[in-house]
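# Per-entry structural report
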Amino acid sequence: MIRADQHLVLVGMMGVGKSTVARVVADRLGRRVFDSDAVIESRTGRTVREIFAEDGEPAFRALETDVLVEALHEVEPVVIAGAGGVVLSAANRAALKESGARVVWLCADPATLVERVKSGGHRPLLDADPAGTLRRMFEEREALYREVADAIVLVDHRSISEVVEAVLR
Ligand code: S3P
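Now for a quick tour of the structure. Computed from a predicted structure; not experimentally measured.

## Here's the deal with the site of the ligand
Around the ligand sit 14 residues in total, of which Lys18, Asp37, Arg61, His122 and Arg141 are the nearest. A distance of 2.7 Å separates an oxygen atom of the ligand from a polar side-chain atom of Asp37. Between an oxygen atom of the ligand and a side-chain N or O atom of Arg123, the distance comes to 2.8 Å. Calculation on the ligand without its partners gives an accessible area of 390 Å², and the protein chains cover 98% of this total.

## So, the sheet that holds strand S4 (residues 102-107)
With respect to topology, five strands assemble into an open sheet ordered S2-S3-S1-S4-S5, the strand pairing being parallel. Of all strands in the sheet, those with a lone pairing partner are strand S2 (33-35) and strand S5 (151-154), marking the two edges. Strand-to-strand, the axes of this sheet are offset by a mean angle of 20 degrees, without reference to chain direction. Here S2 runs beside strand S3 (residues 79-81); their pairing, made up of three bridges, is parallel. Within S3, the position partnered with Asp35 by the bridge is Ala81.

Definitions and limits used
- Residues numbered from 1 in each chain as written.
- Predicted model: local features only at pLDDT ≥ 70, side-chain atom pairs only at ≥ 80, totals over all residues.
- Heavy atoms only, no water.
- Near = heavy atom within 4 Å.
- Polar contact = N/O pair within 3.5 Å; in protein donor to acceptor, adjacent residues only side chain to side chain.
- Areas by Shrake-Rupley, 256 points an atom, 1.4 Å probe, with all protein chains shown as cover.
- Pairing = 2+ DSSP bridges.
- Helix = DSSP H or I, 4+ residues; strand = E, 2+ residues; numbered from the N terminus.
- Axes fitted to C-alpha atoms, helices over the stretch in contact; angles between N-to-C directions.

Take a look at the structure:
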């Protein structure tokens, strides 16, 4: 159960529904939502794809950390849709723990994710072999999501509203 003074952070793989669920949950709680990729794009005036192509992944990861840390410093409690890779950095994982935020891992079978993601858009890492990449990423990241999570919500075969209810529970 989320406390009124706690930020809520959704983490999980690409395509799991973090942005959509965060918007609905934020509406329900009457909070602002910080969607990592959207904040990065509006702040830099460039797409995630352009940042990856022009500056490389490490530069993108640095922006991701800036946005996370800023959102965690908001005075009013907010809902944060973390980007999929936010748990890769030990510093980000420590920031999540230290902030006292409630972190919910939206977890899906990689096979479910393949159906939901399309290459293009803001997911350049999935341009080649999305199914294999998602499987490998899940294996690499599973323990990291688990490490930061206060709660795990399984999303396979669940509607958005069922996931929202589970996140708020
Ligand atoms: C990434 C996830 C994407 C985006 C970028 C990298 C990742 O965000 O930040 O393509 O490494 O998992 P979403 O999780 O919102 O798709």
